[in-house]
Amino acid sequence: MKNKNGFTLVELLAVISILAILIVATVPTVLDILGKSKQTLNEYDRETLVDSAKYYITDIDLGAKDFLYPDNNPTDINGKTYTKGMKMTKYDAKVYIIESKGFTITAYDLVKGGYYDKNCKYAGEKVEYVENGVKKTSVVAKDQNCHVPKNCKIKVGIKGKKVENDTYYVTEDYTVELLDGCE
C-alpha cells in the first residue's frame, strides 16, 4: 500500500539497514583513530618529559642548579664528606652522578623545578591566589592540567669520561630513562 505523504515501511527499514551497515563498518575505524591519537599524545608527553629531564640534568652539570647529596650514607668525593641534603660543588655533583650511574627524580620534581608542565598542579599542593584584593592560599583537591602522574619516576645521569691521567671527568652526554608510574 503506497502512502503519498511518506515512506513505506519497507523503504524505511531498507534505509535503517543501510545506515546500520555503515555505522558497523565505520565505528571500528573511528575508535582506532581515537586510540592512535591518544597514543600519540602519550608519546608526546613522554618525549616532553624526557626533554625536561635532560634540561634538569644539564643544569645540574653546568652548575646552574644546585645539587643536594641524595643518599643516606655519607660519601667522600675529592676530599670532602657529603651527607644527605648537603649542597655539592658543581664538579663533585658531576663525579657523584657519573660514578653512581645517575639518580632518580619524579615528575613532581620537574614540575616544581619549572622544567615540565608549568600549568600542572598536583593534588595536595598549596596554591596562592588573590580574591577581592586579598591574598589567599588553598590546597588543590585533585590533579589539575597534569599529563603525567606525580609519582612518575625518571632516572637521569651523566655520561662522562676521565681525562688527564684519569683524574678529571668530562661530560659526553646525558641519559634519561623513564622508570615506573609514567603512564
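Description of the structure in this document.

Parameters and conventions
Residues numbered from 1 in each chain as written. Predicted model: local features only at pLDDT ≥ 70, side-chain atom pairs only at ≥ 80, totals over all residues. Heavy atoms only, no water. Salt bridge = Lys/Arg side-chain N within 4 Å of Asp/Glu carboxyl O. Helix = DSSP H or I, 4+ residues; strand = E, 2+ residues; numbered from the N terminus. Buried < 20%, exposed > 50% of the residue type's maximum accessible area, 1.4 Å probe, protein only. Pairing = 2+ DSSP bridges. Axes fitted to C-alpha atoms, helices over the stretch in contact; angles between N-to-C directions. Contact = heavy atoms within 4.5 Å.

## Quick look at the pattern of salt bridges
(1) Moving on: Counted under the stated rule, the structure contains five salt bridges.
(2) Moving on: We note a salt bridge from Lys94 to Asp61, for which the minimum N-O separation is 3.4 Å. Highlighted residues: Lys94 in helix 2 (residues 90-99) and Asp61 in helix 1 (residues 9-62), separated in sequence by 33 residues. Each member of the pair, Lys94 as well as Asp61, carries the same accessibility label: buried.

## With respect to unusual backbone geometry
The bulk of non-glycine residues show a negative phi, and the bulk of peptide bonds are trans.
(1) Moving on: In this model, Asp117 sits at a positive phi of 50°, which is unusual for a non-glycine residue.
(2) Moving on: Positive phi values are uncommon outside glycine, yet Asn145 reaches one of about 60°.
(3) Moving on: Looking at the element boundaries, Asn145 is found in the loop between strand 7 (134-139) and strand 8 (153-163).
(4) Moving on: Assessed through its relative accessible area of 53%, Asn145 is described here as exposed.

## A look at the sheet that holds strand 9 (residues 168-178)
To summarise the sheet geometry, strands pair through backbone hydrogen bonds and adopt either a parallel or an antiparallel arrangement.
(1) Moving on: The sheet built from three strands is open, its strands ordered 5-8-9 with antiparallel pairing. The outermost strands of the open sheet, each flanked by one partner alone, are strand 5 (103-106) and strand 9. Neighbour-to-neighbour, the strand axes of the sheet open up by a mean angle of 30°, direction not taken into account.
(2) Moving on: Across 10 bridges, strand 8 lies against strand 9 in antiparallel orientation. Pairing of Val163 across the sheet is with Tyr168, part of strand 9.
(3) Moving on: Helix 2 contacts strand 5, strand 8 and strand 9 of the sheet and is inclined by roughly 55° relative to strand 9.

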